[in-house]
Amino acid sequence: MKTTPRLQHLSRILVLGPLLIALGGCSSLGVQPWERGTLARPEMALTSQPIAAALDDHIYFSKEASSGGRSFGGGGCGCN
Amino acid sequence: MVVAVLEAVAVAVTDSSQTNKSRHPSIRATLGIATGALLASGGVSADWLPDLQDWETSAGLMYYSESGRVSAIEPVISAKKNLDTDEYLTLKLTLDTLTGASATGAVSSELPQTFTRPSGNGSYTIASGQTPLDDTFKDTRLTFNANWERPVAEELTLNLGTALSKEYDYLSLGISGGLAKDINAGNTTLSGGLSLSADSGSPVGGEPIPFAAMQPEDTDPLRQGSGSDKQVIDAVFGLTQIINKRSLFQINYSLSSSDGYLNDPYKFISVVDPITGNPVFENSVQPDLPTVAYENRPDSRTKHSLYAQYKIALGDNILDSSYRFLTDDWGINSHTLDFRYRIASNNGSYWQPHIRLYQQSAADFYTPFFVGSERPVSGDSHSFASADYRLGEFTATTLGLEYGRRSGTRGWSVAAEYYLQSGKEPDKKFGALADQTLFPDVDAFFVRFIRDF
């Protein structure tokens, strides 16, 4: 009976620990708001061409066994 | 209703090709009206739409053509409205028209083979040495997406979406929701989202009985039902990080779980003679009908994927690279690498070469053919097999080039891409099969035109 809380605690450490370390690492990265001129360019958005990305994803969804990753890869099509 | 909306869109797009910049507001207004009409059709009053002039619209058109197989035309119209500070509504309508021939899963043979069409009415004959393709593949799909994004607390953004997709034999309804939290003075964004979709199919001719043999035309096709449902739950957790003034990256973990009818009702598997390697012909009513059995896949599938994207500005040029690893409980592992390099010109135009490399392993139950008695008995829903080449082992390469012009948030682009899929031939080819190509290359060419208004 006592192992369950311990396991929960351990799993929290295992899951949250690396995440916090990663976030700690991330906190040393970054720039000030006034240094974001280049990053604010529309073509620097992670998905800068959403229509093109959706059209391409639909092709690959119907020709390959993989989908998603960048965003949801769910249903919506009888093509696969 | 939908026709009226598409007509409005078509008129607007046609107008735009004959006009100059001064007429753009009227085009946007037309598209806005079309979008408003769409909302009204869903039972939502369009009265609240504030100012139709403010919709940011984009239209796209793609033409896709496989050598000797499917071709598709896909127009898209998307409209985005800034409702309030950082609050946006995005609506998108996609029409997808497919025609052509689709691989059935049956093996090619030195003997001609005649197959029954999915409806049970009519048949088609495949010549010797040709990959069996059903040439009646035809479908039209209409998809509507709506997405609403708004800040709900300090540095916290809520995203809600809905999707509706309708094909002749398929209907999908989906909802999604997500939260994004900015931390580290906006340098880091943590996001999480959930998407649910309920799909229902009504295959032509009904849902085949697993491993039942194809029947001659105009004969009872041995079906077990007329409808088939599936549910898909997707969860995505992501981290986006600004590295420095000119680069950023994103890492996503996605979980996708599908339950229900995951078979392709139009795919089947050849039964070949264990000695000759030729398809078995044992139907006394129709001697040129080979014995082929309808496929059966597990009724659940869980996929995990890790996606990483890195984007860096190198002067005025931009390198966009991404990698995705996907693994699922069907035994499929895949790797996808994607690179785009945007080369800017002085006059606001750009060239963007693109390369995509994809590789996947086969599903555990991928079965290119059954040898004699390997075929499970008809109705055995606990055995799994599919000869769908998309579940086989293959690599795929895409090479593309895009040219575009951009001015602020507006612009246009045209892209041409070539896609080549090369599969691994089955190891166990024997007899007459050894002379056949069972996994022929599939290549496709597609062009895409997109314009922002």
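Residues numbered from 1 in each chain as written. Chains lettered and ligands numbered in written order. Predicted model: local features only at pLDDT ≥ 70, side-chain atom pairs only at ≥ 80, totals over all residues. Heavy atoms only, no water.

Going by the annotation in an unreviewed UniProt entry, the name recorded for chain B is DUF3570 domain-containing protein, with Granulosicoccus antarcticus IMCC3135 given as the source organism.

Per an unreviewed UniProt entry, chain A carries the name DUF4266 domain-containing protein and comes from Granulosicoccus antarcticus IMCC3135.

A. Region of the structure containing the environment of Q352 of chain B. Along the chain, the position of Q352 of chain B falls in strand β19 (residues 349-360). Distance in space between the C-alpha atoms of Q352 of chain B and Y341 of chain B is 5.3 Å, their sequence separation being 11 residues. Sequence-distant contacts of Q352 of chain B, that is, excluding residues within four places in its chain, are made with Q49 of chain A together with R340, Y341, R342, G400, L401 and E402 of chain B. (Helix = DSSP H or I, 4+ residues; strand = E, 2+ residues; numbered from the N terminus. Contact = heavy atoms within 4.5 Å.)

B. View of the interface of chain A and chain B. On the chain B side, the residues contacting the 45 residues of chain A number 88 residues. It is L46, K63 and F72 of chain A that lose the most area in chain A upon contact with chain B, and together they represent 15% of the buried surface on that side. Where chain A meets chain B, there are 5 salt bridges. A salt bridge links D56 of chain A to R340 of chain B, with the shortest nitrogen-to-oxygen separation between them at 3.6 Å. There are 29 residue pairs in polar contact (both at pLDDT 80 or more) connecting chain A and chain B. Residue assignment for the side of chain A that touches chain B shows that the elements contributing at least two residues are α1 (3-27) and α2 (50-63) of chain A. A per-element tally of the side of chain A that touches chain B places α2 of chain A first, with 10 residues. (Buried area = accessible area lost by both parts, 1.4 Å probe. Salt bridge = Lys/Arg side-chain N within 4 Å of Asp/Glu carboxyl O. Polar contact = N/O pair within 3.5 Å; in protein donor to acceptor, adjacent residues only side chain to side chain.)

C. Highlighting the nonpolar core. If you look at the biggest cluster of nonpolar residues, it comprises 32 residues, and the most contacted ones within it are Y64, L391, Y419 and F446 of chain B. The set of elements that each furnish at least two residues to this core consists of α2 of chain A together with β1 (56-66), β2 (71-84), β3 (87-103), β21 (394-407) and β23 (442-452) of chain B. Considering each element in turn, this core owes the most residues, 5 residues, to α2 of chain A. Residues in contact with Y64 of chain B, not counting those within four places in the same chain, are I59 and K63 of chain A together with V70, S71, A72, A444, F445 and F446 of chain B. In this structure, Y124, I126, L289 and Y294 of chain B belong to the second largest nonpolar core, which totals 9 residues. (Core = buried A, V, L, I, M, F, W, Y, C linked by side-chain atoms within 4.5 Å. Buried < 20%, exposed > 50% of the residue type's maximum accessible area, 1.4 Å probe, protein only.)

D. Quick look at the sheet that holds strand β14 (residues 268-272) of chain B. Residue and element names in this part refer to chain B. Reading across the sheet, the 3 strands line up as β15-β14-β20 and stay open at both edges, with mixed pairing between neighbours. Looking along the sheet, the strands with just one partner apiece sit at the ends: β15 (292-294) and β20 (369-371). Direction aside, the axes of adjacent strands within the sheet are offset by 30° on average. Where β14 meets β20, 3 bridges bridge the pair, whose relative direction is parallel. Pairing of V271 across the sheet is with F370, part of β20. (Pairing = 2+ DSSP bridges. Axes fitted to C-alpha atoms, helices over the stretch in contact; angles between N-to-C directions.)

E. Quick look at the pairing of β3 of chain B. Residue and element names in this part refer to chain B. Pairing analysis gives 11 bridges linking β2 to β3, with the strands arranged antiparallel. Considered in β3, the bridge of A79 is made with L91. Taken together, β2 and the strand that follows it, β3, pair antiparallel across an intervening segment of 2 residues, in which D86 is found at a positive phi of about 55°.

F. Here's a closer look at the packing of aromatic side chains. Residues and elements named next belong to chain B. All chains considered together, the criterion is met by 13 aromatic pairs over all chains. Ring pairs connect the aromatic residues F115, Y124, F268 and Y294, which therefore count as one cluster. In this arrangement the basic side chain of K80 is found over the ring face of Y88, its NZ or CZ atom lying 4.4 Å from the centre. For the cation-ring pair, R342 lies above Y350, with the distance from its terminal atom to the ring centre recorded as 3.9 Å. (Phe/Tyr/Trp six-rings, centres within 6.5 Å; stacked < 30°, edge-to-face > 60°. Lys NZ or Arg CZ within 6 Å of the ring centre and 35° of its normal.)

G. A look at the pattern of salt bridges. Per the counting criterion, the structure on display carries 25 salt bridges over all chains. Measuring nitrogen to oxygen at the nearest pair gives 3.2 Å for the salt bridge that ties R41 of chain A to E43 of chain A. Measuring nitrogen to oxygen at the nearest pair gives 3.9 Å for the salt bridge that ties E43 of chain A to R342 of chain B. Here E43 of chain A, found in the loop between α1 and α2, pairs with R342 of chain B, found in strand β18 (residues 333-344), and the two come from separate chains.

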